Amino acid sequence: MAGVAAVGLLYALGAELFDRRTGLVAAGILAVSPLHLFHSQEARMYGRVATLALAAGLFAARALRTNAWRDWAGLVLCQALALWTNTAAIWFTLALNAAALLMIVALWRRGRLLPWALSQALAVGLWLPWLPVFLQQVRVSGSANTWIPPATVGRVGETLAE
């Protein structure tokens, strides 16, 4: 179900940022993407985190345009849920804030900088109870106790040869 929702959310995000045609093309590409179809059929977190990230992106675009409290709340909720679903959503959060940093003057002039900063602080604050687990995962991933071997040039070559 998350994969189907992601297609609709990508349409809405494309329409919000550009136009309806762009949203339709983007949604059509996602709908036939083999990687998306593969992860949509799994009972794992990948489809859900992608859907939550798209929803957060849509709420972010709407919040920056309308400054409506419901859009800010949707951004916080979806972003926090994405972070709780998979810690890799940190990269989405960083990318979203990097984009905001590029628009910082426009955010300041339009009175959106403070709501943006508060929404991001709240989303990360909601994720903070998970921080000890995340730090433990980081420690373990750098040790010999992980199932993924360290990346080396030789290992990359072996993987590509398989």
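Since the model is a prediction, treat every value here as computed from it, not as a measurement.

Caption draft 1: Spotlight on helix α1 (residues 2–17). Over its 16 residues, α1 extends 22 Å from the first C-alpha to the last, a length consistent with the 22 Å expected when each residue adds 1.5 Å. Packing partners of the buried residues in α1 comprise α2 (20–32), α3 (34–40) and α4 (46–66).

Caption draft 2: Local environment of the pattern of salt bridges. Following the criterion strictly, the structure yields two salt bridges and no others. Here R62 and E16 are joined by a salt bridge, their closest N and O atoms 3.8 Å apart. Placement of R62 in helix α4 and of E16 in helix α1 is noted, with a sequence separation of 46 residues between them. Ionic contacts of the salt-bridge type, sharing partners, join the residues E16, R62 and R65 into one network.

Caption draft 3: Structural context of the nonpolar core. Among the nonpolar cores identified, the biggest contains 20 residues, and W72, L75 and W116 are the most heavily contacted of them. Sorting the residues of this core by element identifies α1, α4, α5 (69–85) and α6 (89–102) as the ones contributing at least two each. It is α4 that contributes the most residues to this core, eight residues altogether. Contact partners of L75, with chain neighbours within four places excluded, come to A56, F59, A60, L96, W116, S119 and Q120.

Quick notes on the rules
- Residues numbered from 1 in each chain as written.
- Predicted model: local features only at pLDDT ≥ 70, side-chain atom pairs only at ≥ 80, totals over all residues.
- Heavy atoms only, no water.
- Helix = DSSP H or I, 4+ residues; strand = E, 2+ residues; numbered from the N terminus.
- Expected span 1.5 Å × (residues − 1).
- Contact = heavy atoms within 4.5 Å.
- Salt bridge = Lys/Arg side-chain N within 4 Å of Asp/Glu carboxyl O.
- Core = buried A, V, L, I, M, F, W, Y, C linked by side-chain atoms within 4.5 Å.
- Buried < 20%, exposed > 50% of the residue type's maximum accessible area, 1.4 Å probe, protein only.

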